[in-house]
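Structure at a glance
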Amino acid sequence: MALLSAIVLLPVAVASFNASEIPRGNSERSGDTCGAKLSDGVFPPLTLAQCDEPLAPGAVDLRGYWLSKVPILLGAYHAERLEQCENRITLSGSSQRGQYHWVHDFLDVDGSHAGGCNDYNAGKFPACITVAPYGVWTQHQGNPCLEMRDDATEECKGGLCARRCLLPDGTISFFNANLAEIVGGELILEKKDASEITMGHMQGFIVPLVVGVVSLLLVCCCTCVAVCWWRRRKTKDATAVIEVGPADNK
């Protein structure tokens, strides 16, 4: 019994790795289709869960789950998860109103393409359009920021693809070249617990709207069929009455 207790109480070793030892995370690709379809979760599996290195000097701590204060399109919010280890940062979330997962992994935020992201444009899913921005820690309006730059991508205005700045109140000021025209500039992201971000935030009212419209159409179709059947039955009954009516007087 004592031996059994000792075995039961033995700690289970959990493997840990340095940032450079973990394979690059990427958005899922299957043939010519990119972006994994969402199932039960808003976010894909963690990439840096087993990394135990402290953040590198100069790295901005952006770790956590973030949700935009206001919806951006058709009631859908922007939500993302930021993982960090040493000088590496992995961003993930969903795009196209909560239809697809994306993962953008910057192996080393050192301003080099070698340490940058090598993935696909989440705004174009399910098409597979390659993007390869690099990351750099910087300052913007006195706030520490992560900038993602790519001079070769047309959508990155002036080379700036995205910027996330940590504000004094603990929120993130988020600029994205693809979203800027839609939202009119920058978004403010608030830190949340993972459980606070739901599929409803990602899908907005577009899914309930589609379900509602389809349900309404089905009701209308069933009603039309019932009315047509009733009118046809009434016409048939009236015809039958005429056919069996009293004989004419001679």
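Everything below is about the structure printed above this text.
Quantities reported herein were computed from a predicted structural model and do not represent experimental measurements.

Procedures and definitions
Residues numbered from 1 in each chain as written. Predicted model: local features only at pLDDT ≥ 70, side-chain atom pairs only at ≥ 80, totals over all residues. Heavy atoms only, no water. Disulfide = S-S within 2.5 Å. Helix = DSSP H or I, 4+ residues; strand = E, 2+ residues; numbered from the N terminus. Buried < 20%, exposed > 50% of the residue type's maximum accessible area, 1.4 Å probe, protein only. Salt bridge = Lys/Arg side-chain N within 4 Å of Asp/Glu carboxyl O.

1. Side note on the state of the cysteines
Overall, the coordinates contain four disulfides when judged by the stated rule. A disulfide bridge connects C145 with C165, and the sulfur atoms are separated by 2.0 Å. For the disulfide bridge between C145 and C165, the dihedral angle about the S-S bond is near 105 degrees, and by the sign convention the bridge is right-handed. With C145 in strand β11 (residues 143-149) and C165 in strand β12 (residues 160-166), this residue pair connects regions lying 20 residues apart in the sequence. With relative accessibility at 0%, the residue C145 sits in the buried group. The residue that forms a disulfide with C156 is C161, at a sulfur-sulfur distance of 2.0 Å. Because the sign of the S-S torsion sets the handedness, a value of about 100 degrees for the bond joining C156 and C161 places this disulfide among the right-handed ones. Overall, C161 belongs to the buried group, its relative accessible area being 12%.

2. Concerning the pattern of salt bridges
Counting across every chain of the model gives eight salt bridges. Note that R163 and E186 form a salt bridge whose closest N and O atoms lie 3.3 Å from each other. Of this pair, R163 sits in strand β12 while E186 sits in the loop between α2 (180-183) and β14 (187-192), and the two are 23 residues apart along the sequence. We classify E186 as partly exposed; its relative accessible area is 39%. Connected through salt bridges with shared partners, the residues E147, R149, R163 and E186 form a single ionic network.

3. Some remarks on unusual backbone geometry
The peptide bond linking F125 to P126 adopts the cis configuration, its omega dihedral lying at 10 degrees. Mapping P126 onto the fold places it in the loop between β8 (119-120) and β9 (130-131). At E86, a residue that is not glycine, the phi angle is positive and equals roughly 55 degrees. The backbone of Q141 sits at a positive phi, close to 55 degrees, despite the residue not being glycine. Take Q141: it is sitting in the loop between β10 (134-140) and β11. The class of Q141 is exposed, set by a relative accessible area of 70%.

Just distances and angles here, no functional claims.
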